[in-house]
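Understanding the architecture of this molecule
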Amino acid sequence: MARAKPNKELRASILDEARQTLVAEGYRALSMRRIARAVGCTATSIYLHFRDKDDLLHALIHEGLERLHEQLLSAADGVTDPRRRCERLCRSYLEFALENREYYEVIFSLHPEHMKRYPQALYRRARGNLEFFADAMCAAAGRPGECTELDYLHAHVIWAQLHGAIALNLTERVDFRIDVLEFLDAAVKNALRAIPIQEEQE
């Protein structure tokens, strides 16, 4: 009997179901058989798309990071002023988290105890999102295309500040007296203070 060919629509359904299960119930609740039943396929069929549970989880993380990458790319497109570009990147990052909560939580908040290490090739691709910020920062310092370790450090600090703000918001830990949009706007403005300007490099 000929082996069934993987189906893109089925693969998308598997990823959607797995993402919702992870966010609602956590890593332990995720099983290949459970997902197969939920999307109406056999356990054998799901293995045509993913080797095991961790392969499925890695695919979810990769899918989310690719969506984030496209959103950041779009936000920075055509913005020539480096400081303005970095601001657009910051706001786009927060927008992604607010509009794609399930993806964001799978990417940044899920901590399975026994998950296999994220593949190195995919990790290098994921670093491209951080490089958007680093590139904008070294351009602001008058060194376009010449990023240093310090630029990457500052970019990581910016990301950490944004992630902290959005994590507090998503877990409803922001004081109820504070307007959420004002809080996130202040987080962006504070993060932008880490951007060097050309005069400081002379």
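Relevant structure appears above.
Anyway, here's the lowdown on the structure attached to this text.

**What about the packing of aromatic side chains?**
The geometry of an aromatic ring pair comes down to the distance between the two centres and the angle between the two planes. Enumeration over the complete set of coordinates arrives at four aromatic pairs. Taken together, a centroid distance of 5.7 Å and an interplanar angle of 50 degrees make the contact between Phe-108 and Trp-159 tilted. Residue Phe-108 is found in helix H6 (residues 101–108), and its partner Trp-159 is found in helix H8 (residues 149–170); the two are separated by 51 residues along the sequence. A network of ring pairs unites the aromatic residues Tyr-93, Tyr-104, Phe-108 and Trp-159 as a single cluster.

**With respect to helix H4 (residues 53–76)**
Here H4 is 24 residues long and its end C-alpha atoms lie 35 Å apart, about the 34 Å a rise of 1.5 Å per residue gives. Between a side-chain oxygen at the N-terminus of H4 and the backbone nitrogen of Asp-54 the separation is 3.2 Å; the capping residue is Asp-52. Of the residues flanking the end of H4, it is Gly-78, one or two places downstream, whose phi is positive at about 80 degrees.

**Section: unusual backbone geometry**
The backbone of Glu-172 sits at a positive phi, close to 55 degrees, despite the residue not being glycine. Mapped onto the secondary structure, Glu-172 falls in the loop between H8 and helix H9 (180–192).

**With respect to the layout of surface pockets**
The calculated volume of the largest pocket comes to roughly 670 Å³. Along its surface, the largest pocket is lined by 24 residues, and Leu-65, Phe-108, Tyr-123, Ala-126 and Arg-127 are the ones closest to its centre. If you list the elements that add at least two residues to the lining of the largest pocket, you get H4, H6, helix H7 (120–140) and H8. The element contributing the most residues to the lining of the largest pocket is H7, with seven residues. For the lining of the largest pocket, the class distribution of residues is 19 nonpolar, three polar and two charged.

**Overview of the packing of helix H5 (residues 82–99) against H9**
For the pair H5 and H9, the least separation of the axes is 10 Å and the interaxial angle reads 145 degrees. Read as a crossing pair, H5 and H9 show a hand that is right-handed. Counted together, Arg-83, Cys-86, Glu-87, Cys-90, Arg-91, Leu-94 and Leu-98 of H5 and Leu-184, Asp-185, Val-188 and Leu-192 of H9 form the full contact between these two elements. For the contact of H5 with H9, a count of residues per class yields seven nonpolar, no polar and four charged.

**Let's talk about the packing of H5 against H8**
Two elements in contact, H5 and H8, have axes whose closest approach is 10 Å; the angle formed by their N-to-C orientations is 30 degrees. Taken as axis vectors, H5 and H8 run roughly parallel relative to one another. Every pair of crossing elements has a handedness; the one defined by H5 and H8 is right-handed. Only Ile-158, Trp-159, Leu-162, His-163, Ile-166, Asn-169 and Leu-170 of H8 make contact with H5, whose side of the interface consists of Cys-86, Cys-90, Tyr-93, Leu-94, Ala-97 and Leu-98. Of the residues in the contact of H5 with H8, the class split is 11 nonpolar, two polar and no charged.

**Side note on a nonpolar patch on the surface**
On the surface, Leu-150, Leu-153 and Val-157 cluster together into a nonpolar patch covering about 250 Å² of accessible area. Mapping Leu-150 onto the fold places it in helix H8.

**Focus: the side chain of Asp-54**
With respect to the helices and strands, Asp-54 occurs in helix H4. We classify Asp-54 as buried; its relative accessible area is 6%. Reaching out from Asp-54, the side chain makes a polar contact with the side chain of Tyr-27 at a distance of 2.6 Å.

**Let's talk about the pattern of salt bridges**
Applying the stated criterion across every chain, the model contains 12 salt bridges. For Arg-84, the salt bridge is made with Glu-87, and the minimal N-O distance between the two is 3.3 Å. Placement of the pair is Arg-84 and Glu-87 together in helix H5, with a separation of three residues, close to one helical turn. Residue class for Arg-84 comes out partly exposed when judged on its relative accessible area of 39%. The closest approach of N and O atoms between Glu-105 and Arg-101, which form a salt bridge, is 2.7 Å.

Calculation rules
Residues numbered from 1 in each chain as written. Predicted model: local features only at pLDDT ≥ 70, side-chain atom pairs only at ≥ 80, totals over all residues. Heavy atoms only, no water. Phe/Tyr/Trp six-rings, centres within 6.5 Å; stacked < 30°, edge-to-face > 60°. Helix = DSSP H or I, 4+ residues; strand = E, 2+ residues; numbered from the N terminus. Expected span 1.5 Å × (residues − 1). Polar contact = N/O pair within 3.5 Å; in protein donor to acceptor, adjacent residues only side chain to side chain. 1 Å grid on protein atoms, 1.4 Å probe; cavity = no way out; pocket = protein on both sides within 12 Å on 5 of 7 lines; lining within 4 Å. Points joined across faces, edges and corners; volume = space filled by probe spheres on them. Nonpolar A, V, L, I, M, F, W, Y, C, P; charged D, E, K, R; others polar. Axes fitted to C-alpha atoms, helices over the stretch in contact; angles between N-to-C directions. Left-handed = near helix turned anticlockwise from the far one by under 90°. Contact = heavy atoms within 4.5 Å. Parallel < 35°, antiparallel > 145°, perpendicular 65-115°, else oblique. Patch = residues over 30% accessible without salt bridge, like charges linked within 9 Å, V, L, I, M, F, W, Y side chains within 5 Å. Areas by Shrake-Rupley, 256 points an atom, 1.4 Å probe, with all protein chains shown as cover. Salt bridge = Lys/Arg side-chain N within 4 Å of Asp/Glu carboxyl O. Buried < 20%, exposed > 50% of the residue type's maximum accessible area, 1.4 Å probe, protein only.

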